[in-house]
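Observations on chain architecture
Here are the chains, one letter per residue:
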Amino acid sequence: MSGIRVSGLGAVSPAGWGVAPLWTALKTGTPLPCAPLPRPGLERPLSIRAVPSPNPRPAFLGHPRVRRSASITHHLLGAALEAINDPSAGPRRDGERLGLIVCVMSGCVTYSRRFFEEVLENPATASPLLFPETVFNAPASHLAALLNSTAEALTVVGDESAFPTGLATAAHWLQDGMVDACLVVGAEEMDWLIADAMRLFDRGRIHAGGAGALYLRRAEAGSRGVELAAITDLHRFATRTGRRRAARRMRTELPAGSASELLLLGTQGLPVDAEEADVWLDWPGARMEPRSILGDALPASAAWHCVAACEALRRGAFTGATVSLVGTNQQAVGVSFTVSPGS
Amino acid sequence: MLFPGPNESEPRRVVVTGAGILTGLGHGWAINAARLRAGDSAVRPVTLFDVSAQRAKRAAEVDLPAELPPSRLSPKRQQRLDRGTRLLMAAGHEALRQTGWRGEAPVATVLGTTCGGMVLGEEYLTQALRAPGHWRGQATRTLYYQAQRQGVDFGDAAGIEGSVTVLSNACASGANAIGQAFELVRHGRAERALAGGYDALCQLVFSGFDSLQALSTTTCRPFDAARDGLALGEGAGLLALESEVSARRRGATILGEIAGYGATTDIHHLTQPHPEGAAALAAMRKACAQARVTPEQVGYVNAHGTGTPHNDSSEARALVDFAGNAADRLQVSSTKGGLGHLLGAAGAVEAVVCLMVLTGQWLPPQLQLAQPDPLCRFRLIREPTDAAVDVALSNSFGFGGANATLVLRRWA
């Protein structure tokens, strides 16, 4: 056992606010309906999977730090607060040093776009209210403020591999005693700019927004629960050939699998997924393709995969779960989770 | 395996065996050291984009080297590289050349940036808005705009194997990257790491700081009583880190030691530090505790010192609290008056400056200082000075309350 316990889970996704709707959508296995998103300057709208409005409206949206913030912050807070308030996590201890790691690729793209549109219009009148929210670590800063956490907070920028990178960093911090607990959150927001860019590479890719969060702590001896078992090396690539090689290397570091284990793949049946799909042809157990159901939310998708893997184990449906992530354009990495039986 | 991996119970000493720097003062250690020591400034009128409608009109632009360093990228891929990647490659090449690493072992690359390839992002958005149905060049801009792609291109160009991690903690990004890489090597999770930061000037960020009225409309004067804002800059700084054992085994030249790293979060406000500098103080204390260094042993502090009223007063209070009775002997300067504020590169470039101080035994002066802020009850370095320094601190404090301090020690 690794000694790193997954103490809480949180998710905000096109399926709704919470882990429960995420799990139900994945279990049902039916792709969520797409919605049109107007694309300025073009008649034909883009097709996306949006996060529904929360009902009831969460109280944290009224916090002074959050009122002007972007939707990525709302998603991130929704997932993070669900994870940290997870009943299985128990109450936060007094003086607990809480590390925060936020993983994004596009980050606060809506405010960045709006601010630059204002700059193009007239730089002298561009809004000083918008600019601070364009900074990559603004969501992490808001999260720290809401949780009153002054320990280290990092924002990792990258493709889907950013989330496992964040998990590994959190596990190291816990191992080294730098923090007592750590929240790792993958988040993205939706914007026509990203949906537009995704279509340049594959018209089948459906942009989505949302967040997923894992709350990690050191496992208490003899206790039962889901543990982070392993994270493979990060296998870098830049070309299609490199992508294939990276996927193979990742696969060799992960368990062979069994009929009682679950595999969560980053694939969604697109041509670009061939390299990842090929290395998993011999997997003997059940498999899920969350992106084909929820849409593509980059590191937030990676977070949903890990949340779903842990939720599957919590429900006792499987004995182990493996997440495969061959990223958009950076690295391939795999994560495996297991259940500590307790004493 | 990233996790669980090696985790040595006895932490290793981490040394620097290569350093690369590119700033408005020039390309390379030698020219930067000479011009910093001479008290030169790189701040000049902006030429990269139109600033005629902005309040501020000056920044520390880099004269990019005419040619890329030797690279394993195809000519087509080289052509597509943006300004940020070119800055990164120039500094990275210098660090790698100096360290003498060969390709036999993987290198964990940890980079800090705030903007990535924002210049390409601006081009993408401009075309998307003004010519919505015109897709030519947009896929390339999308790819090369992304920070992780810059890290991958840099690694491929330099012919190094290993992971790429990009951190974006605003103006502390470069220091955080070095700190994270330091921890990887310290605990035996990486044999070698290349860490630092880079950022290229771009219109969005320049306009952003200008909209906040954070840019000086006169001259950037950190810690001056009449300071009126910062001057932006651009550049890159990279450090090659490895364990002392590894460096000695190779017979490598050791430039200095990374002895401590402390990072905290200031939750006071998204863009303003706590007036008393509590989180800054905590970062310094944490880094010094790890390095087992007392304030009396600190010979030089390269302050974050942006030149904005809020930052400098908060940092001054934190420095005075940190040094306690030794405050009047604490030697401090901010190099941002001459280099500009390099955002994601700042912490990394300033760590290289600290290495210059430790190896050369001199202190870079605080430029344009007329009347020090009365809060500065430490010794501000006003003239280029020779000094015996064994321990240097580098402070980096960013938007969002990202605070980081590095402790560097002279290798003797």
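Residues numbered from 1 in each chain as written. Chains lettered and ligands numbered in written order. Predicted model: local features only at pLDDT ≥ 70, side-chain atom pairs only at ≥ 80, totals over all residues.

Across its full length, chain B carries 13 helices and 17 strands. In terms of overall size, chain B behaves like a compact globule, its C-alpha atoms giving a radius of gyration of 20 Å where 412 residues would be expected to give roughly 22 Å. In terms of principal-axis extent, the alpha carbons of chain B reach across some 65 × 55 × 40 Å. Per-residue burial for chain B yields a buried fraction of 66% across its 412 residues. Considering only contacts within chain B whose residues lie at least 6 apart along the sequence, 82% involve residues at least 24 apart. (Helix = DSSP H or I, 4+ residues; strand = E, 2+ residues; numbered from the N terminus. Rg over C-alpha atoms; globule rule 2.2 N^0.38 Å. Buried ≥ 20, exposed ≤ 12 C-beta atoms within 10 Å, placed from the backbone. Contact = placed C-beta atoms within 7 Å.)

Turning next to the overall build of chain A. Along the backbone of chain A there are ten helices and 15 strands. In summary, chain A has a C-alpha radius of gyration of 19 Å against a globular reference of 20 Å for 343 residues, a match within 12%. In terms of overall dimensions, chain A has C-alpha extents of about 65 × 50 × 35 Å along its principal axes. Counting across all 343 residues of chain A, residues that qualify as buried make up 62%. In chain A, once contacts between residues fewer than 6 apart in sequence are set aside, the share between residues at least 24 apart is 77%.

Attention now goes to the interface of chain A and chain B. Across the boundary between the two partners, chain A contributes 62 residues, which contact 56 residues of chain B. Looking at the side of chain A that touches chain B, the elements that each hand over two or more residues are helix H3 (109-121), helix H4 (138-147), strand S6 (153-157), helix H5 (162-175), helix H6 (192-201) and strand S10 (225-231) of chain A. The biggest single contributor to the side of chain A that touches chain B is H3(A), with six residues. The residue inventory of the side of chain A that touches chain B, partitioned by class, reads 34 nonpolar, 19 polar and nine charged. Two elements, S6(A) and strand S6 (residues 164-167) of chain B, share two bridges in a ladder whose sense is antiparallel. Note on S6(B): the bridge partner recorded for Val157(A) is Val166(B). (Nonpolar A, V, L, I, M, F, W, Y, C, P; charged D, E, K, R; others polar. Pairing = 2+ DSSP bridges.)

Quick look at the sheet that holds strand S8 (residues 207-208) of chain A now. All names here are of chain A. With mixed pairing, three strands are arranged side by side in an open sheet as S3-S4-S8. Each of the sheet's edge strands pairs with one partner strand only, and the pair in question is strand S3 (35-37) and S8. As paired strands, S3 and strand S4 (residues 46-49) are joined by three bridges and run antiparallel to one another. Counted as the bridge partner of Leu37 is Leu46 from S4. Set on the sheet, H6 makes contact with S3, S4 and S8; between it and S4 the angle comes to about 110°. (Axes fitted to C-alpha atoms, helices over the stretch in contact; angles between N-to-C directions.)

Moving on, we come to the domain arrangement of chain A. Interface size is commonly expressed as the accessible surface area that is lost when the partners come together. Residues and elements named next belong to chain A. Entries for chain A in the domain assignment read domain 1 (4-218) and domain 2 (225-340). The centre of domain 1, based on its C-alpha atoms, is set 20 Å off from the matching centre of domain 2. Taken residue by residue, the interface counts 51 residues in domain 1 and 38 residues in domain 2. Of all the secondary-structure elements, those providing two or more residues to the side of domain 1 that touches domain 2 are strand S1 (4-13), helix H1 (19-28), strand S5 (98-104), H5, strand S7 (181-188), S8 and strand S9 (210-218). Residue contributions to the side of domain 1 that touches domain 2 peak at seven residues, all from H5. Taken together, the residues of the side of domain 1 that touches domain 2 break down into 31 nonpolar, 13 polar and seven charged. (Domains from an automatic or database assignment.)

Residues and elements named next belong to chain B. Mapping Ala388 onto the fold places it in the loop between strand S15 (385-386) and strand S16 (391-397). Here Ala388 falls in the exposed class, since 7 other C-beta atoms lie within 10 Å of it. Along the sequence, Ala388 and Trp362 sit 26 residues apart, while their C-alpha atoms lie 7.4 Å from each other. Here Ala388 is in contact with Gly299 and Gln361, once residues within four sequence places are set aside.

The next subject is the pairing of S4(A). Summarising the sheet, S4(A) and S8(A) pair through two bridges and their orientation is parallel. Following the sheet pairing, Ile48(A) is matched in S8(A) by His207(A).

What follows concerns the sheet that holds strand S4 (residues 58-60) of chain B. Residues and elements named next belong to chain B. Pairing within the open sheet is mixed, and its three strands lie in the order S3-S4-S8. Looking along the sheet, the strands with just one partner apiece sit at the ends: strand S3 (44-45) and strand S8 (232-233). Across two bridges, the pairing between S4 and S8 is parallel. Residue pairing in the sheet places Ala60 in a bridge with Gly233 of S8.

Residues and elements named next belong to chain B. Considered domain by domain, chain B is made up of domain 1 (14-250) and domain 2 (263-409). Placing a centre on the C-alpha atoms of domain 1 and another on those of domain 2 gives a separation of 21 Å. Taken together, the contact between domain 1 and domain 2 spans 60 residues of the former and 56 residues of the latter. When contributions to the side of domain 1 that touches domain 2 are tallied by element, the ones reaching two or more residues are strand S1 (14-23), helix H1 (29-38), S4, helix H7 (173-186), strand S7 (192-199), S8 and strand S9 (235-243). The leading source of residues in the side of domain 1 that touches domain 2 is H7, at seven residues. When its residues are assigned to classes, the side of domain 1 that touches domain 2 shows 32 nonpolar, 21 polar and seven charged.

This part is about unusual backbone geometry. In this structure, the amide linkage connecting Asn55(A) to the following residue, Pro56(A), adopts the cis form with an omega of 5°. For the bond from Phe3(B) to Pro4(B), the omega torsion is -15°, close enough to zero to count as cis. Topologically, Pro4(B) is positioned in the segment before S1. At Asn148(A), a residue that is not glycine, the phi angle is positive and equals roughly 55°. Residue placement: Asn148(A) occurs in the loop between H4 and S6. Looking at Asn148(A), the number of C-beta atoms within 10 Å reads 9, which means it is exposed.

Here we come to H3(A). Between its terminal C-alpha atoms H3(A) stretches 18 Å, which fits the 18 Å expected from 13 residues at 1.5 Å a residue. Listed as buried for H3(A) are Val109(A), Thr110(A), Tyr111(A), Ser112(A), Arg113(A), Phe115(A), Phe116(A) and Val119(A). For H3(A), the secondary structure elements touched by its buried residues are helix H2 (71-84) and H6 of chain A together with helix H4 (118-130) and helix H8 (203-211) of chain B. (Expected span 1.5 Å × (residues − 1).)

With that out of the way, let us pick up the confidence of the model for chain B. For any part of a model where pLDDT is low, the fine detail of the predicted coordinates should not be relied upon. In the predicted model, chain B carries a mean pLDDT of 96, and 100% of its residues have values of at least 70. Note on the complex model: pTM 0.98, ipTM 0.98. (pLDDT = per-residue confidence, 0-100.)

The subject of this paragraph is the nonpolar core. Counting residues in hydrophobic clusters, the biggest one holds 274 residues, and the most contacted among them are Val185(A), Leu214(A) and Leu216(A). In this view, Leu214(A) contacts Val6(A), Leu9(A), Ala83(A), Leu167(A), Val184(A), Cys306(A), Val307(A) and Cys310(A); residues no more than four positions away in its chain are not counted. (Core = buried A, V, L, I, M, F, W, Y, C linked by C-beta atoms within 7 Å.)

Below, the discussion takes up the packing of H5(A) against helix H10 (residues 299-314) of chain A. Residues and elements named next belong to chain A. The N-to-C vectors of H5 and H10 enclose an angle of 60°; their axes lie 8 Å apart at closest approach. Regarding the angle of H5 to H10, the classification is oblique. Mapping the contact onto sequence places Ala162, Phe163 and Pro164 in H5 and Pro299, Ala302, Ala303 and Cys306 in H10. Tallied by class, the residues present in the contact of H5 with H10 amount to seven nonpolar, no polar and no charged. (Parallel < 35°, antiparallel > 145°, perpendicular 65-115°, else oblique.)

Moving on: H4(B). For H4(B), spanning 13 residues, the distance from its first C-alpha to its last is 18 Å, which sits close to the expected 18 Å at 1.5 Å a residue. Residues of H4(B) that are buried include every one of Met118(B), Val119(B), Leu120(B), Gly121(B), Glu122(B), Tyr124(B), Leu125(B) and Ala128(B), and no others. Those residues of H4(B) that are buried lie in contact with H3 and H6 of chain A together with helix H3 (83-99), helix H5 (138-145) and H8 of chain B.

Turning next to the pairing of S9(B). Residues and elements named next belong to chain B. For S9, a buried count of nine out of nine residues is recorded, marking the element as mostly surrounded by other parts of the structure. Summarising the sheet, S1 and S9 pair through eight bridges and their orientation is antiparallel. By the bridge assignment, Gly18 is partnered in S9 with Ala240.

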